[in-house]
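Structure assessment
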Amino acid sequence: MELLSYTFFLLFLISGETVCANAQDRRTKILTHHHTYGGFRPTKLFVFGDSYVDTGNNPMALASSWKAPYGVTFPGKPAGRFSDGRVLTDYVARFMGIKSPLPYKFLRYGPGKLRYGLNFAYGGTGVFDTHNMLPNVTAQIGLLQRLIKARVYTKRDLKASLALVAVSGNDYTAYGSNNGTRKGLPAFIRSVVNQIAIDLKKIHEMGVRRVLVNTLQPVGCLPIQTVYSSYKQCNETENSSAKYHNQLLQEVVTTLNNNTKDSSFIILDTYSAFNTVLNTKAILTGKPKLSLRACCEATRSDAKCGSLDKNGKELYTVCKEPESMFFWDDVHPTQAGWRAVYLALRSSLNRINA
């Protein structure tokens, strides 16, 4: 049986911001605060998914997100985000005009912060189990259900809330690791998207009024892929698989919306947003195109960003200006990258007004 071309699955489990200039940061706040969504102004954000939205749930002893140099831009030390700083969750919260929701694992330490919602996302997870022993998206939703049963959140809370669901490729990594075949990939993609639809519907039926879900990013443009072309071009074969995932996702979201009274489900087109940022001149650097390599790179094939040898020596290098790079490590954007993606996503977010 022919094994998959592992270029698509060389994504290590997505496991798990240069400080913006003050003026730039102020402009972002002006652009993003106090949107009313056509009369709907959510006050809570519930987050489910993987490292693209995880803000600190992964185990400190295991995740690179809790090791230097992660967090060097924000908050200045490792804090559980798989970036040098802020990630997508932080920018969606900013768009809503609220603080970024507390990671679920800190629930008992910050009960006073529950008014902003909770982040249930764990880096490295998917809609199915991905062999990292952390809760998949369905299990993450179950954590919120338990809190609802315990009356931590009321029906009124849920009606005033927004959910963000991020699925960024870990299911496909696990599929490749399990000797999945290229022939069987389309069927597996369909099963992943169908499960996403089930999860989205479940969140909405719990009472959450609006549900956002991301498209799969252009995985062929991640540094773990572009390294094979000396970071000169994306792998379009792998991007075609992402496009198929996204096509199916659009179809199931359309069906979900047709079966609800209003457009409760909103797609955040991260595929197009990544491409826009990577191919638009001057968004970050003023150059015709952004680099497809990572800011933080391993110096050995058996290492990754954040790795140390047995003597504590760093097995990675970090670029001088993370704010000029789109990618932080092999698969995750920098804070500057996420901010640029967020700005490119504003049209998707503004569709909530319709």
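Keep in mind that this is a model prediction, so the values were computed, not measured.

Let us now look at the overall build of the protein chain. Along the backbone of the protein chain there are eleven helices and eight strands. Residues classed as buried in the protein chain amount to 56% of the 354 residues present. A total accessible area of about 15,500 Å² is found for the protein chain, and carbon and sulfur atoms account for 52% of it.

Attention shifts here to the environment of Arg41. Here Arg41 lies in the loop between α1 (22-32) and β1 (44-49). Sequence separation between Arg41 and Ser161 is 120 residues, and the spatial gap between their C-alpha atoms is 8.3 Å.

Another point: the environment of Ile266. Within the element layout of this structure, Ile266 appears in strand β6 (residues 265-268). What makes Ile266 buried here is its relative accessible area of 6%. C-alpha of Ile266 to C-alpha of Thr254: the two residues are twelve residues apart in sequence and 9.4 Å apart in space.

All right, on to unusual backbone geometry then. Each neighbour pair has its own omega, and for Ala68 with Pro69 the value is 10°, a cis peptide bond. Tracing the backbone shows Pro69 in the loop between β1 and α2 (88-96). Cis geometry is adopted by the peptide bond preceding Pro75, which originates at Phe74 and carries an omega value of 0°. On the secondary structure map, Pro75 appears in the loop between β1 and α2. Positive phi outside glycine occurs at His131, with the angle close to 70°. Assignment of secondary structure puts His131 in the loop between β3 (117-119) and α3 (137-149). When its relative accessible area of 56% is taken as the criterion, His131 is described as exposed. Phi is positive for Asn179, close to 65°, though the residue is something other than glycine. Here Asn179 is to be found in the loop between α5 (170-177) and α6 (185-205). Judged by relative accessible area, Asn179 falls into the partly exposed class, the value being 46%.

Below, the discussion takes up the side chain of Asp90. Residue position: Asp90 is located in helix α2. The buried category is assigned to Asp90, whose relative accessible area is 8%. Of note is the side chain of Asp90, whose polar atom sits 2.8 Å from the backbone nitrogen of Val87. At 2.8 Å, the side chain of Asp90 and the side chain of Ser100 are in polar contact. Excluding residues that lie within four positions of it along the chain, Asp90 makes contacts with Thr55, Arg81 and Ser100.

Let's shift gears to the nonpolar core. In terms of nonpolar packing, the biggest core is built from 85 residues, with Leu45, Phe48, Leu118, Phe120 and Leu200 touching the most fellow members. Top contributing element to this core by residue count: α6, with nine residues. Every residue in contact with Phe120, bar those within four places of it in the chain, is listed here: Phe46, Val47, Phe48, Asn57, Tyr104, Gln140, Leu143, Leu144 and Leu147. Residues Tyr70, Cys295, Cys296 and Tyr316 belong to the second largest nonpolar core, which totals seven residues.

What counts and how
- Residues numbered from 1 in each chain as written.
- Predicted model: local features only at pLDDT ≥ 70, side-chain atom pairs only at ≥ 80, totals over all residues.
- Heavy atoms only, no water.
- Helix = DSSP H or I, 4+ residues; strand = E, 2+ residues; numbered from the N terminus.
- Buried < 20%, exposed > 50% of the residue type's maximum accessible area, 1.4 Å probe, protein only.
- Areas by Shrake-Rupley, 256 points an atom, 1.4 Å probe, with all protein chains shown as cover.
- Polar contact = N/O pair within 3.5 Å; in protein donor to acceptor, adjacent residues only side chain to side chain.
- Contact = heavy atoms within 4.5 Å.
- Core = buried A, V, L, I, M, F, W, Y, C linked by side-chain atoms within 4.5 Å.

The values are spatial; any link to function lies outside them.
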